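# Structure at a glance
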Amino acid sequence: MKNWDEFDEMGRCSGEQDLLDAEYTCNKLGIELRQVNYVKEYWNSVFTNFLEDYERGLTPNPDILCNKHIKFDLFHKHALERLGYDAIATGHYAKTNFGPFLENYEESKDVHLLIPKDTFKDQTFFLSGIRRETLRRTMFPLGNYLKSEVKEIAKSCGLERLTQKKESTGICFVGNRDFKEFIKEYIASKPGDFVDIDSNMVVGHHEGIHQWTVGQRCRLKSFRKPYYVAQKDVATNTIYVAYGHEHPSLYSNQIFATNINWLCCENPFDMPNSPPLRCRFRFQHTKPLVDCTIYRKSPNNKTDVIVMLDKPLRAVTPGQYAVFYSDTECLGSARIVEAINDSDHKRVENLKNILENS
C-alpha cells in the first residue's frame, strides 16, 4: 500500500524498501503480492487535514486518521468489495472477541476491540477512530503474541532478515527529518511572541505556532531554567510558556472532546438521561491509563463530551485523541478540543455551568 510519494533527505524512499521486503516475504512464502496506490487519497484525507490543524494551533495524530480514512476504509472496501475477499488481516497488536482468525465469528454477535497480550506494543490506540463495522471482518493474528515471540516465528519461517528492521516510530512522512524544517516546507513562518503565563511578559520570539506543541521545551536565551509551551493563542499568534517542567499550567484534569467514535456495543449516551460513564483514559499510546468520568456536553448531544480525570496529566494537547478503555477493551475515542486545570478558575467555572445544565 503506497500512501506517500516523497523521498527523504538522503534521496531514499522508505516505501521502496517496504515493497522490496514485501516481495521478499511473498517469494519466501509462495503467496501473491498486489499493490494499491492511495497517495492522492492520503493527501486529501490525511495530510491536508494535518496541515490545516497545525495552522489552527492543533497537534494532530495522522496515524489515527490514516487508519480511519485509508487502511480501514478504502483498503478494507477494496479487499472485500472489489477483490471479493472475506476479511483483511493486519499486523497491529490488537484483538477482537471474534478471535485472531475470526474463528469465533457470529453474524448476530457484537464485536469488541480487545487489549492484546503484548500490552507494551498495544496498538488499539491507533485503531480507536475506525468504524466498528470494519472490525467484524478484520483479523489480528498477532493479538495473542508478544513481539519477541513474533520475531521467533519469523525466524523459523526463514524471514530472519525482516526481524532486523528498525522500529518504525514518529510520523511516517516526516521520517528522520527535523520536524520544524519539514513543516516550513508547507506552512509559511509567522513570527510571534513567547509570553510568560504568570507575568504576561514577553520572554522571546517564535517563527510560528505551528512549529510548537503543548509541553514542548523552548530554549530561550538569557533564562537558566527552561520554559515549556503551556497554551497557544491563534488569534494573537502568541505562545504562552511556563517556567519549569512541572508548572501547574502544564497539567490538566478536565477535557473537552468532540466527535466521539464508540467501538463498544452501544453508545453509552444514546438516551438523553444517560448517566456519566466511568472508564479509563489515555491520549498517548505509551502512557499509563488514568481513571476518568465521561459526561455528555449537553442532553441532546451524543458526540461532544467532557472528560474529568481522576489524576491530572501533563501536556494534554488539543488536536490529539482521548482514547477510552475498560479493563479489557478499547471503548472508542474523541478528539480533544481543550484541556484545562483547576488553577484556571474562569474556565473551570464555565465547565461547572455546562455540567450543571447537562
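Residues numbered from 1 in each chain as written. Predicted model: local features only at pLDDT ≥ 70, side-chain atom pairs only at ≥ 80, totals over all residues. Heavy atoms only, no water.

- Naming follows an unreviewed UniProt entry, where the chain appears as tRNA-5-taurinomethyluridine 2-sulfurtransferase of Musca domestica.
- Heading Sequence similarities (unreviewed entry) of the UniProt record for the chain holds this comment: "Belongs to the MnmA/TRMU family."
- According to the UniProt record, the Catalytic activity (unreviewed entry) comment for the chain reads "5-taurinomethyluridine(34) in tRNA + S-sulfanyl-L-cysteinyl-[protein] + AH2 + ATP = 5-taurinomethyl-2-thiouridine(34) in tRNA + L-cysteinyl-[protein] + A + AMP + diphosphate + H(+)". (UniProt positions renumbered as here; feature names shortened; annotations may be inferred.)

### Notes on the environment of A230
- Counting through the fold element by element, A230 comes out in strand 8 (residues 227–233).
- Its relative accessible area of 7% is what places A230 among the buried residues.
- Along the primary structure A230 and H247 are separated by 17 residues, whereas in three dimensions their C-alpha atoms are 8.8 Å apart.
- When residues no more than four places from it in sequence are discounted, the contact partners of A230 are I197, V214, Y240, V241, A242, S249 and L250. (Helix = DSSP H or I, 4+ residues; strand = E, 2+ residues; numbered from the N terminus. Buried < 20%, exposed > 50% of the residue type's maximum accessible area, 1.4 Å probe, protein only. Contact = heavy atoms within 4.5 Å.)

### Considerations on unusual backbone geometry
- Of note, the phi angle at N200 is positive, near 65 degrees, even though the residue is not glycine.
- Within the fold, N200 resides in the loop between strand 5 (192–196) and strand 6 (202–206).
- At N259, a residue that is not glycine, the phi angle is positive and equals roughly 55 degrees.
- Accessibility expressed as a relative area gives 56% for N259, which makes it exposed.

### Re helix 3 (residues 62–82)
- The end-to-end C-alpha distance of helix 3 is 26 Å, clearly below the 30 Å that 21 residues give at a rise of 1.5 Å each.
- Of all the bends in helix 3, the greatest measures close to 30 degrees and is centred on K68.
- All buried positions along helix 3 are accounted for by P62, I64, L65, C66, N67, I70, F72, D73, H76, H78 and A79.
- Where helix 3 is buried, its residues contact helix 2 (39–55), strand 1 (88–89), helix 4 (124–127), helix 5 (132–135), strand 4 (138–139) and strand 14 (321–325). (Expected span 1.5 Å × (residues − 1). Bend = angle between axes of the 7 residues up to and from the residue.)

### Points about the environment of P191
- Topologically, P191 is positioned in the loop between helix 8 (179–184) and strand 5.
- P191 gets classed as exposed once you look at its relative accessible area, which sits at 64%.
- Along the backbone, P191 and N237 are 46 residues apart, and their C-alpha atoms lie at a distance of 7.8 Å.
- Apart from the residues within four sequence positions on either side, P191 is in contact with H206, E207 and N237.

### Topic: the sheet that holds strand 6
- If you trace the five strands from one edge of the open sheet to the other, you get 6-5-9-8-7, paired in mixed fashion. Across the chains shown, the open sheet's two edge strands, defined by having one partner strand only, are strand 6 and strand 7 (217–218).
- Taken together, the four bridges between strand 5 and strand 6 define a ladder with antiparallel strand orientation. Bridge pairing in strand 6 links V195 to V202. (Pairing = 2+ DSSP bridges.)

### Points about the pairing of strand 10 (residues 251–262)
- Counting buried positions along strand 10 gives ten out of twelve residues, so the element sits mostly inside the fold.
- Sheet analysis places strand 10 next to strand 13 (residues 305–314), joined by six bridges and oriented antiparallel. In the sheet register, I255 faces strand 13, and the bridge partner there is V307.
- Note that strand 10 and strand 15 (residues 329–340) share seven bridges and pair antiparallel. If you follow N261 over to strand 15, its bridge partner there is S333.

### Here we look at the pattern of salt bridges
- The full count for this structure, using the stated rule, is 17 salt bridges.
- A salt bridge links E32 to R34; the shortest N-O distance between them is 3.1 Å.
- Among the salt bridges present, the one from E152 reaches K155, with a minimum N-O distance of 3.6 Å. A residue pair is termed a helical-turn pair when its members lie 3 or 4 positions apart in one helix, as E152 and K155 do in helix 6 (residues 147–156) at three residues.
- One network of salt bridges, in which partners are shared, links D18, D21, R161 and K165. (Salt bridge = Lys/Arg side-chain N within 4 Å of Asp/Glu carboxyl O.)

### Regarding the pairing of strand 8
- Counted residue by residue, strand 8 has five buried out of seven residues, so it is predominantly covered.
- Sheet topology places strand 8 next to strand 9 (residues 238–243); six bridges connect them, and they run antiparallel. Within the sheet, the bridge partner assigned to Y227 lies in strand 9 and is Y243.
- Between strand 8 and strand 9, which pair antiparallel one after the other, the connecting turn spans four residues, and N237 there sits at a positive phi close to 60 degrees.

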